[in-house]
Amino acid sequence: MKAGVIGAGAWGTALAQLLAADGAHVRLWALEPEVVEAVNRDRANPLYLPDIPLNAGIEATSDMADMADRDLLLVVCPAQHLRSVVAQAPAGVPLILCSKGIEAGTHLLMSEVAAQAQPQSPIAVLSGPTFASEVAKGLPTAITLACADAALAARIAARIARPAFRPYLSDDVIGAEIGGAVKNVLAIACGVAEGAGLGLNARAALISRGFAEMTRFGLARGARAETLAGLSGLGDLVLTCSSTNSRNFSLGKGLGEGQPAAALLAHRRTVAEGAFTAPVLREAARASGVEMPVVEAVCALLEDAAPLPQVIDALLARPIRAE
Ligand SMILES: NC(=O)C1=CN([C@@H]2O[C@H](COP(=O)(O)OP(=O)(O)OC[C@H]3O[C@@H](n4cnc5c(N)ncnc54)[C@H](O)[C@@H]3O)[C@@H](O)[C@H]2O)C=CC1
Ligand SMILES: O=C(CO)COP(=O)(O)O
């Protein structure tokens, strides 16, 4: 299968690196001409994945028409741009969606957005605990590959699996997507706890109670509980809630240290998806009557709606209830 990767941020570049590790040719679409030039000329992407020498088989382009001969496309752009990016992709080619988020306005998951933007294209989702720099360096990684079509999932798995990159198959596309979207918001909350010096007990509480929120929301949207407890849910939640390698965790840490959200978000080149997902998730949860107090607290901090001590007090003052 000839693979193309759409989006040359950290994750798209790392996936291109993975796919080209065995000498295969991989075409990588980048938005920025300087990224195309750096990949093709210097075998590097200093803007988004610095200090990683890239494999010779990666050919970058900024022309989406160059993706027309691919028989597999990995879509790795920020979630809020997925609709417009997928609409430009060639029709009918299987799309493996790697972005994590929920579309603002529509509350749609990425597979639902892609199905509207490219109705002819089969869809799969790749999601799990995967820091881009570790995958690019060939460190051991496991990930969920979700697809309603088991035969297509098996073909994709055969193409992307490597000795140190191990996909686990699922037919629960919605579940895989909800885990990846919600964990980004919860990682912000855990970063806040770190930045504010609330301690490791608080972090563990946020992970566990956050996971309860993810599960409530996921079940309401038709996800399966075992998917949420797997790599794409709990696995990714644990990863991003415990390291400043996570952009979402780092954003939260800044908030916890008292830096204003607007300053932290202004002029960012890299994407902290949780900041975009949080208000959409709050809206979607409220609309379906799902309680998500940690998500509400993250929204309050991102919107500077209340000072941090007040947000923490409000979480701690919630009524005692059964776990
Ligand atoms: N970095 C990571 O370790 C992982 C990231 N992801 C997900 O992959 C997606 C992409 O993230 P990264 O590769 O980390 O991005 P990044 O933060 O490294 O780079 C930002 C990307 O956004 C693109 N971009 C900016 N404006 C755009 C527009 N108008 N249209 C299309 N693209 C635009 C840039 O070209 C660049 O590729 C996100 O949804 C993220 O949650 C998933 C797993 C791991
Ligand atoms: O999704 C990720 C790891 O699985 C990357 O997390 P951040 O976007 O928070 O850096």
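Owing to the predicted nature of the structure, the values given are computational and were not obtained by experimental measurement.

Observations regarding the overall build of the protein
Across its full length, the protein carries 15 helices and 8 strands. A compact globule built from 323 residues would reach a C-alpha radius of gyration of about 20 Å, and the protein, at 19 Å, matches this within 12%. By principal-axis analysis of the C-alpha atoms, the protein measures approximately 55 × 40 × 35 Å. Residues counted as buried form 49% of the 323 residues belonging to the protein. Restricting the contact set of the protein to residue pairs at least 6 apart, pairs at least 24 apart contribute 67%.

What about the site of ligand 2?
In the vicinity of ligand 2 lie 13 residues, with Thr130, Thr240, Ser246, Arg247 and Asn248 positioned nearest. For the shell around ligand 2, the elements supplying multiple residues, two or more each, are helix H7 (173–195), helix H10 (231–240) and helix H11 (247–256). No other element matches H10, which puts 3 residues into the shell around ligand 2. Split into classes, the residues belonging to the shell around ligand 2 amount to 4 nonpolar, 5 polar and 4 charged. Here the shell around ligand 2 gathers at least three residues from each of two domains, domain 1 (3–171) and domain 2 (174–316).

Describing the packing of helix H8 (residues 200–220) against H10
One way to put it is that H8 packs onto H10 with a least axis distance of 11 Å and a crossing angle of 150°. Crossing handedness for the pair H8 and H10: right-handed. Each of Ile207, Gly210, Phe211 and Met214 in H8 lies in contact with H10, whose residues at this interface are Gly233, Leu234, Leu237 and Val238. Among the residues forming the contact of H8 with H10, the class breakdown is 6 nonpolar, 2 polar and no charged.

Some remarks on unusual backbone geometry
Despite not being glycine, arginine 43 shows a phi value in the positive range, around 55°. With respect to the secondary-structure elements, arginine 43 resides in the loop between helix H2 (33–42) and strand S3 (58–61). Overall, arginine 43 belongs to the partly exposed group, with 13 C-beta atoms counted inside 10 Å. Backbone geometry places histidine 267, a non-glycine residue, at a positive phi of 60°.

Digging into the site of ligand 1
Of all residues adjacent to ligand 1, which total 25 residues, the nearest are Gly9, Ala10, Trp11, Ala132 and Thr270. Here the shell around ligand 1 takes 3 residues from helix H1 (residues 10–19), the largest share from any one element. Classifying every residue of the shell around ligand 1 by side-chain character gives 14 nonpolar, 8 polar and 3 charged. Of the domains in this structure, domain 1 (3–171) and domain 2 (174–316) are the two that each give at least three residues to the shell around ligand 1.

With respect to the UniProt feature "binding site: NAD(+)" (unreviewed entry) in the protein
UniProt's feature table lists "binding site: NAD(+)" (unreviewed entry) at Gly7, Ala8, Gly9, Ala10, Trp11, Gly12, Ala132 and Arg247, given in the numbering used throughout. Mapped onto the fold, alanine 132 is located in helix H5 (residues 132–136). Sequence-distant contacts of alanine 132, defined by excluding residues within four places in its chain, comprise Ala10, Trp11, Ala14 and Leu49.

Points about the sheet that holds strand S5 (residues 95–97)
A sheet is described by the order of its strands in space; here 8 strands give the open sequence S3-S2-S1-S4-S5-S6-S7-S8, paired in mixed fashion. Each edge of the sheet is formed by a strand with only one pairing partner; in this case those strands are S3 and strand S8 (165–170). Mean inter-strand twist for the sheet, computed between neighbouring axes without regard to direction, equals 25°. Note that S5 and strand S6 (residues 123–127) share 3 bridges and pair parallel. Residue pairing for S6: isoleucine 96 is matched across the bridge by alanine 124. Sheet contacts for H1: strand S1 (3–6), strand S2 (26–29), S3, strand S4 (72–75) and S8; angle to S2, the most-contacted strand, approximately 170°. On top of the sheet, H10 reaches S6, strand S7 (141–147) and S8; it is set at about 145° to S7, its chief contact.

Overview of the pairing of S8
Relative to S8, S7 runs parallel, the two sharing 6 bridges. When the bridges of S8 are listed, alanine 142 appears paired with arginine 166.

Quick word on the pairing of S7
The buried fraction of S7 is high, at 5 of 7 residues. Once the chain exits S7 it traverses helix H6 (residues 150–160) before rejoining the sheet at S8, and the crossover so formed is right-handed.

Brief notes about the packing of H7 against H10
Two elements in contact, H7 and H10, have axes separated by 8 Å at closest approach and are oriented at 20°. Classed by the angle they form, the pair H7 and H10 counts as roughly parallel. In terms of crossing hand, the pair formed by H7 and H10 is right-handed. Facing H7, whose interface residues are Ala176, Gly179, Gly180, Lys183, Asn184, Leu186 and Ala187, H10 presents Ser232, Gly233, Asp236, Leu237 and Thr240. Class assignment of the residues belonging to the contact of H7 with H10 gives a composition of 4 nonpolar, 6 polar and 2 charged.

What to know about the nonpolar core
Membership of the largest hydrophobic core comes to 104 residues, with the highest contact counts inside it found for Ile6, Val75, Ile96 and Val298. Per-element tally for this core: the top contributor is H7, with 13 residues. Composition of this core by domain shows at least three residues from each of domain 1 (3–171) and domain 2 (174–316). Aside from chain neighbours lying at most four places away, what touches isoleucine 96 is Leu72, Leu73, Leu74, Val75, Ala124, Leu126 and Ile156.

Rules behind the numbers
- Residues numbered from 1 in each chain as written.
- Chains lettered and ligands numbered in written order.
- Predicted model: local features only at pLDDT ≥ 70, side-chain atom pairs only at ≥ 80, totals over all residues.
- Helix = DSSP H or I, 4+ residues; strand = E, 2+ residues; numbered from the N terminus.
- Rg over C-alpha atoms; globule rule 2.2 N^0.38 Å.
- Buried ≥ 20, exposed ≤ 12 C-beta atoms within 10 Å, placed from the backbone.
- Contact = placed C-beta atoms within 7 Å.
- Near = placed C-beta within 6 Å.
- Nonpolar A, V, L, I, M, F, W, Y, C, P; charged D, E, K, R; others polar.
- Domains from an automatic or database assignment.
- Axes fitted to C-alpha atoms, helices over the stretch in contact; angles between N-to-C directions.
- Left-handed = near helix turned anticlockwise from the far one by under 90°.
- UniProt positions renumbered as here; feature names shortened; annotations may be inferred.
- Pairing = 2+ DSSP bridges.
- Right-handed = clockwise from strand over helix to strand, strands pointing away.
- Parallel < 35°, antiparallel > 145°, perpendicular 65-115°, else oblique.
- Core = buried A, V, L, I, M, F, W, Y, C linked by C-beta atoms within 7 Å.

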